[in-house]
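# Remarks on the overall topology
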Amino acid sequence: MTALPALRLLEVNTPLIWHWPHFLEVVGVLQRYGFNGLIIHQQNILALLARPSAHNKNLAIENLNHERESTLNYLQRVCHFCQSRQIQLWIQGEALPGDAKIKQKFPEFFLNDDTPTGDALFLTRFYRDTVDEMLDALPDISGVILSLQTPTVHPDQWKESMKTLHRNLRLKGKKLVLRDYLDDSWPRRQLQNTLNSLPN
């Protein structure tokens, strides 16, 4: 049996990655130093790729949709370029997207900032529908990496959301990586608890 080549990933976390000339420079680095995978790490990448809610009456919804389509088209171009050079592409973002962009796109879940209920309902919807749609539009990515942070939802609700995401990724042949940070003890406990809740 032929052994697969070791996976060597280069993580890029800069807004310059959205500029094609810089992306080509990154690919040059990958090829020069023997990397065979690229991680595009943008904390808000899932928020950028989310389609605004059908209930959204925001006057800026046209701009939000245009921004999403531009992001998606760019990543599709990146995917095609990487695939043609046998480079795996991964995307990394926040596990609990709740920035201003998300609240603009899904205002009905965040009407009351004092309760975590909206966050829990949002996560369920987000990982069931939004990420699934994103994977359909980007079929060539190898997987998704999530940066863990302190959750604002009940642990059981968090685990259910992760199970939904894990199931959707596995059905499409993609991988899920959960990333913690050594300088914060809570995400490390969160990592172990989440892993224990997922299927083998």
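As shown above, the structure is provided for reference.
First, a word on scope: everything that follows refers to the structure included in this document. It should be emphasised that the depicted structure is a prediction, and the values quoted were computed from it without experimental measurement. (Residues numbered from 1 in each chain as written. Predicted model: local features only at pLDDT ≥ 70, side-chain atom pairs only at ≥ 80, totals over all residues. Heavy atoms only, no water.)

### Some points on helix H3 (residues 61-84)
Spacing of three or four residues puts side chains on the same side of an α-helix, whose turn is 3.6 residues. A rise of 1.5 Å per residue sets the reference length of H3, with its 24 residues, at 34 Å; its end C-alpha atoms lie 35 Å apart and thus fit the reference within 8%. Of the residues making up H3, those classed as buried are Leu-64, Arg-68, Thr-71, Leu-72, Tyr-74, Leu-75, Val-78, Cys-79, Phe-81 and Cys-82. Following H3 by one or two positions, Gln-86 has its phi on the positive side, about 55°. (Helix = DSSP H or I, 4+ residues; strand = E, 2+ residues; numbered from the N terminus. Expected span 1.5 Å × (residues − 1). Buried < 20%, exposed > 50% of the residue type's maximum accessible area, 1.4 Å probe, protein only.)

### Examining the environment of Ile-40
With respect to the helices and strands, the residue Ile-40 is situated in strand E2 (residues 37-41). Residues Ile-40 and Leu-75, spaced 35 residues apart in sequence, show a C-alpha to C-alpha distance of 9.7 Å.

### Some details on unusual backbone geometry
Phi at Gln-86 takes a positive value of approximately 55°, unusual for a residue other than glycine. Tracing the backbone through its elements, the reader meets Gln-86 in the loop between H3 and strand E3 (88-94). Given a relative accessible area of 72%, Gln-86 falls into the exposed group.

### Describing the sheet that holds strand E5 (residues 175-179)
Pairing within the open sheet is parallel, and its five strands lie in the order E1-E2-E3-E4-E5. In this open sheet, the two strands that pair with only one neighbour each are strand E1 (9-12) and E5. This sheet shows a mean twist of 20° between the axes of neighbouring strands, independent of strand direction. With four bridges connecting them, E1 and E2 associate as parallel partners. Of the residues in E2, the one forming a bridge with Val-12 is Ile-40. Packed on one face of the sheet, helix H6 (residues 155-171) meets strand E4 (143-147) and E5 and runs near 145° to E5. (Pairing = 2+ DSSP bridges. Axes fitted to C-alpha atoms, helices over the stretch in contact; angles between N-to-C directions. Contact = heavy atoms within 4.5 Å.)

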